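# Chain and residue survey
The primary structure of each chain is shown beneath.
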Amino acid sequence: MTRQTVDLIVHSAGQLVTCADTGAAKRGAAMRDLGIIADGAVAVDDGLIVAVGASPDVRARFAARRQIDAGGRAVIPGLVDPHTHVVFGGDRVHEFELRIQGASYMEIMAGGGGILSTMRATRSPPRTR
């Protein structure tokens, strides 16, 4: 069998997180399905992900110009998180848990959460000890 040559294979990931595409935005309990592949690999060619799967399977199907051994680390291909707040007050970590449990953003906001909660915390005077 002739293997397809690709630019890059990242292999031996302890967890390759694919975010399991369902073709629609994930909501509620569906957000728990991360599509984790143990001992995962990702093949990339010309800047595009062409395959994901178990390391032995991907490495058998593809030859790579460059290989990176992830050494058992987590790999999340395609993750781009440009969302930053250099200065902010409070946090909304608990809201993520509520969303996974099925709460809507409007329900969270009605309970005092949402972006307005961190906006209020940012605008309030700092607490002194």
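Residues numbered from 1 in each chain as written. Predicted model: local features only at pLDDT ≥ 70, side-chain atom pairs only at ≥ 80, totals over all residues. Heavy atoms only, no water.

## Remarks on the pattern of salt bridges
Heads up, the rule is: Put simply, a salt bridge is a Lys or Arg side-chain nitrogen that is within 4 Å of an Asp or Glu carboxyl oxygen. Where helices and strands are cited, they refer to DSSP runs of H or I of at least four residues and of E of at least two residues respectively, numbered from the N terminus. Note on classification: 1.4 Å probe, protein chains only; a residue is buried when its accessible area is under 20% of the maximum for its type, exposed when over 50%, partly exposed between these limits.
Inspection of the entire model under this criterion finds three salt bridges. In this structure, Arg65 and Asp7 form a salt bridge, with 2.9 Å as the shortest nitrogen-oxygen distance. Here the residue Arg65 occupies a position in strand E4 (residues 62-69), and Asp7 occupies one in strand E1 (residues 4-17), the gap between them amounting to 58 residues. Overall, the relative accessible area of 58% leaves Arg65 in the exposed class. Between Asp45 and Arg65 there is a salt bridge; the shortest N-O distance is 3.7 Å. Here Arg65 lies in strand E4 and Asp45 lies in strand E2 (residues 36-45), a separation of 20 residues in the sequence. Given a relative accessible area of 22%, Asp45 falls into the partly exposed group.

## Observations concerning the pairing of strand E3 (residues 48-54)
Let me state the cut-off plainly: A pair of strands counts as paired when DSSP detects no fewer than two bridges linking them.
Relative to E3, E2 runs antiparallel, the two sharing six bridges. Each residue of the ladder has a partner; that of Ala41, found in E3, is Gly53. Following E2, the chain reverses through two residues before pairing antiparallel with E3; Asp46 in that reversal takes a positive phi of roughly 55 degrees.

## What about the environment of Arg61?
Heads up, the rule is: Residues are treated as being in contact if the distance between any of their heavy atoms lies within 4.5 Å.
Tracing the sequence through the fold places Arg61 in helix H1 (residues 55-61). By relative accessible area, which is 44% here, Arg61 ends up partly exposed. C-alpha separation for the pair Arg61 and Asp21, spaced 40 residues apart in sequence, amounts to 22 Å. Those residues within four positions of Arg61 in sequence are excluded, and the remaining contacts are Met1, Arg3, Gln4 and Ala51.

## Here's the deal with unusual backbone geometry
Despite not being glycine, Ser12 shows a phi value in the positive range, around 60 degrees. Secondary-structure assignment places Ser12 in strand E1. Backbone geometry at Asp39 places phi at a positive 45 degrees, although glycine is not the residue there. Asp39 sits in the partly exposed class, given a relative accessible area of 36%.

## Digging into the side chain of Ser117
Rule in force here: Any pair of N or O atoms that falls within 3.5 Å is considered a polar contact. Within protein, one atom must be able to donate a hydrogen and the other to accept it, and sequence-neighbouring residues count only if both atoms are side-chain atoms.
The topology assignment puts Ser117 in helix H4 (residues 115-123). We classify Ser117 as buried; its relative accessible area is 19%. One polar contact links the side chain of Ser117 to the main-chain carbonyl oxygen of Gly114, over a distance of 2.7 Å. Every residue in contact with Ser117, bar those within four places of it in the chain, is listed here: Arg92, Glu95 and Gly112.

## Here we look at the environment of Gln4
Along the chain, the position of Gln4 falls in strand E1. For Gln4, a relative accessible area of 42% translates into the label partly exposed. Linking Gln4 and Ala121, residues 117 residues apart in sequence, is a C-alpha distance of 54 Å. Setting aside residues up to four positions removed in sequence, Gln4 forms contacts with Arg61, Phe62 and Ala63.

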